[in-house]
Amino acid sequence: MDNEEKSLNTIIRNVTDSDAFDIACKILQDGGLVAFPTETVYGLGGDGLRAESSEKIYAAKGRPSDNPLIIHIADISDVERLAREIPDKARTLMEAFWPGPLTVILKKKPEVPDTTTGGLDTVAIRMPSHPDAARLIRESGVLIAAPSANTSGRPSPTLAEHVIEDMNGRIDMILDGGPVGIGIESTIVDMTGDKPVILRPGYITKHMLEGVLGEVSIDKAIIEPDPNLRPKAPGMKYTHYAPSGKLTIIESADESDNSDNSDSSHGSVSQAVIDRINQETEKAEAEGLVTAVLTTSDMADKYTCKNIITLGESGSGTTVAARLYAALRECDKIGAEVIFSESFDRDELGFSIMNRLLKAAGHRVITV
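Please read all numbers here as calculations on a predicted model, not as lab measurements.

Colleague: Could you give an account of the state of the cysteines, with specific residues and numbers?
Modeller: According to the stated counting rule, one finds zero disulfides in the structure shown. With no disulfide of its own, cysteine 305 lies closest to cysteine 331 among cysteine sulfurs, the gap being 9.5 Å. For cysteine 305, a relative accessible area of 5% translates into the label buried.

What follows is the structure in structure tokens.
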């Protein structure tokens, strides 16, 4: 990073510091940028109704300007300021899952800058449940546009130290609220058409949504990404979440067919997968490459690789989701050049985990 790119004296405060929120609110009100914790990942916040603030967000992240930003609110009444139409089903969703890790896409009012929405005529809105995020929105009086607080393409930050790695010198302030709870971004649902469509999977699963709305479809671009399509949801067009090293997923032929609704996200790993990962890492190490294996804690002793990085507990998608991005960043810390990961069942939460892993791997999958 050159001096022009890294020129700000970034203020770093813990949320418990007496002056933390006063400083953060003033920065947001003046059009500056503040990174802050949410229940999903750390967000990089600016005034969502000021085009220049959104431009600063894109610049700080190195993010393509056609990649829309999510506006974070603290009260459902704030939706009226942003959306020109609020369908009954959208209100039902808000009542069921807000505050929480759900983003709703609606048709935007002219007051919402095209810069914030990536040039689209829709706006993505979320009401975070994290108390520090809610406090920041309320006390600042700012409706905060906030993508994840990482440089574009890197794993999203789940700790303030991750934000510091990527954003120190690029933004005005970082609020340290400790580790986040969920660890993957919010579910995004498009409510502008006749039928609700999931544009990005997340902690709020299709099964949960259908329990409230009835039939919900999944955007086919989630399964088969098309780089030529203009994205309606953040992070769905470009390479995302990626470590510096080359990540490859190894799975058995029947894993991609799992579609139950459990939280397990990780069935028993076949011996064929274990053997192939060991073969690949041993081959790479023989070539002098630094290797790493991503696995769950109960499977760690199955692998011969020197660098075993655990993603959580087998049978618990929530722990895997919470650990995923930190594990990918650990790969960078050890300088891993070649990384192999087990696959996860395409169940409800596992579907969201695999969405992130596949994007991080550039959809490199070896089936055994």
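From this point, the discussion proceeds with the structure in view.
Colleague: Give me the sheet that holds strand β4 (residues 70-72): which residues, what numbers.
Modeller: If you trace the eleven strands from one edge of the open sheet to the other, you get β1-β8-β2-β3-β7-β4-β6-β5-β9-β10-β11, paired in mixed fashion. A single partner strand is all that each edge strand has here, and the edge strands are β1 (11-14) and β11 (217-218). Sheet topology places strand β9 (residues 187-190) next to strand β10 (residues 197-200); three bridges connect them, and they run antiparallel. Paired with isoleucine 188 across the two strands is arginine 200, which belongs to β10.

Colleague: Any chance you could break down the packing of aromatic side chains for me, citing the residues and the numbers?
Modeller: Here the structure, examined in full by the defined rule, presents one aromatic pair. Both rings, one in tyrosine 241 and one in tyrosine 325, keep their centres 5.3 Å apart while their planes meet at 25°; by these two values the pair is stacked. Highlighted residues: tyrosine 241 in the loop between α8 (220-223) and β12 (246-251) and tyrosine 325 in helix α10 (residues 317-333), separated in sequence by 84 residues. Lying over the aromatic face of phenylalanine 21, arginine 135 brings its terminal NZ or CZ to 3.9 Å of the ring centre.

Rules used throughout
Residues numbered from 1 in each chain as written. Predicted model: local features only at pLDDT ≥ 70, side-chain atom pairs only at ≥ 80, totals over all residues. Heavy atoms only, no water. Disulfide = S-S within 2.5 Å. Buried < 20%, exposed > 50% of the residue type's maximum accessible area, 1.4 Å probe, protein only. Pairing = 2+ DSSP bridges. Helix = DSSP H or I, 4+ residues; strand = E, 2+ residues; numbered from the N terminus. Phe/Tyr/Trp six-rings, centres within 6.5 Å; stacked < 30°, edge-to-face > 60°. Lys NZ or Arg CZ within 6 Å of the ring centre and 35° of its normal.

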